[in-house]
Amino acid sequence: MLKQTLKHRKTSCIEPEDAAHVVGLEHGTRELAEQMNIRPAVLANKLNPDNETNQLYLRDAVFMTELTNDNRILEAWCAKRGGVFVQLPEGIQSDEEFSDQLLEVMAVVGDAMATIKASRADGIVTPQERQQIGLHLRKAVTELLKLDSAVDGQVRHLPSRG
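Note that the structure is a prediction, hence the values are computed from the model and not measured.

**Re the overall build of the chain**
Looking only at helices and strands, the chain has 8 helices and 0 strands in total. The helix and strand sequence of the chain, counted from the amino end, reads α-α-α-α-α-α-α-α. Relative to its length of 162 residues, the chain is extended, with a C-alpha radius of gyration of 20 Å against a globular reference of 15 Å. Overall size of the chain, expressed as C-alpha extent along the three principal axes, is 60 × 60 × 25 Å. For the chain, with 162 residues in total, the buried portion stands at 30%. For the chain, the proportion of contacts with a sequence separation of at least 24, taken over those separated by at least 6, is 60%. Counting only carbon and sulfur atoms, one obtains 54% of the accessible surface of the chain, whose full area is about 11,300 Å². Once the 19 positive and 24 negative side-chain charges of the chain are each reduced to a mean point, those two points are 4 Å apart.

Okay, here's the thing in structure tokens:
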């Protein structure tokens, strides 16, 4: 993909290489290169999906992800492999946060069902509608996995009898 196309894209990228390019542009190639202890020109070449000479190694992608706290490379790789990346909540959640997560699950599942209903209204699901359904369903799965993690914060250990 061309630099102009990726420069202003804020959405997820399909290819991990494109995601790395966007992460580099948005977080500053020069600054990242300094933190990674490599020359800025070398990193710029590694992040250029059209450059065949310098390749971005896995360790570079992991380091960039850690430095920027930006998961788009990982998200793109998961999507390419047919999966999703889910950032699970940290720590124990309060009852209010747990309730909010339950409501969020219901909202995204409702959105997914509304998308399916609207797509089927004319009896034909187009490829674009299918793509939208998939996006909504993956978001619902993500929220359900977050809920699964949030249940951990609801566990209470009772004193042993004995």
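**Quick look at unusual backbone geometry**
When glycine is set aside, most residues are seen to have a negative phi, and most peptide bonds are trans. A positive phi angle is found at N37, which is not glycine, with a value near 65°. Along the polypeptide, N37 turns up in the loop between α3 (29–36) and α4 (40–47). When its relative accessible area of 70% is taken as the criterion, N37 is described as exposed. Positive phi is not limited to glycine here, since N69 has a value of about 55°. One can find N69 in the loop between α5 (58–68) and α6 (72–80).

**Let's talk about α6**
Turning to α6, its buried residues number three or more, namely R72, I73, A76 and C78. The inward-facing, buried residues of α6 contact α2 (16–27) and α5. Positive phi appears at G82, one or two residues downstream of α6, with a value of about 85°.

**Here's the deal with the pattern of salt bridges**
Two side chains carrying opposite charge are able to pair once their charged atoms lie near each other. Applying the stated criterion across every chain yields a total of 7 salt bridges. Among the salt bridges present, the one from K80 reaches E15, with a minimum N-O distance of 2.9 Å. Of this pair, K80 sits in helix α6 while E15 is found in the loop between α1 (3–7) and α2, placing the two residues 65 residues apart along the sequence. A salt bridge links K139 to E143; the shortest N-O distance between them is 3.8 Å. Placement of both K139 and E143 in helix α8 (residues 127–151) is noted, with a separation of 4 residues, approximately one turn of the helix.

**Topic: a negative patch on the surface**
Together, E96, E97, D100, E104 and D111 make up a negatively charged patch on the protein surface. Structurally, the position occupied by E96 is in helix α7 (residues 95–120). The class of E96 is exposed, set by a relative accessible area of 61%.

**Focus on α3**
For α3, every residue scored as buried is listed here: L32, A33 and M36. All buried residues of α3 lie within an arc of 100° about the axis, which places them on one face of the element. Exposed residues on α3 whose side chains face more than 90 degrees from its buried face are R30 and E34. Just downstream of α3, N37 is the residue with a positive phi angle, here 65°.

Calculation rules
Residues numbered from 1 in each chain as written. Predicted model: local features only at pLDDT ≥ 70, side-chain atom pairs only at ≥ 80, totals over all residues. Heavy atoms only, no water. Helix = DSSP H or I, 4+ residues; strand = E, 2+ residues; numbered from the N terminus. Rg over C-alpha atoms; globule rule 2.2 N^0.38 Å. Buried < 20%, exposed > 50% of the residue type's maximum accessible area, 1.4 Å probe, protein only. Contact = heavy atoms within 4.5 Å. Areas by Shrake-Rupley, 256 points an atom, 1.4 Å probe, with all protein chains shown as cover. Lys, Arg positive; Asp, Glu negative; His and termini not counted. Charge placed at Lys NZ, Arg CZ, Asp CG, Glu CD. Salt bridge = Lys/Arg side-chain N within 4 Å of Asp/Glu carboxyl O. Patch = residues over 30% accessible without salt bridge, like charges linked within 9 Å, V, L, I, M, F, W, Y side chains within 5 Å. Arc of directions from axis to C-beta.

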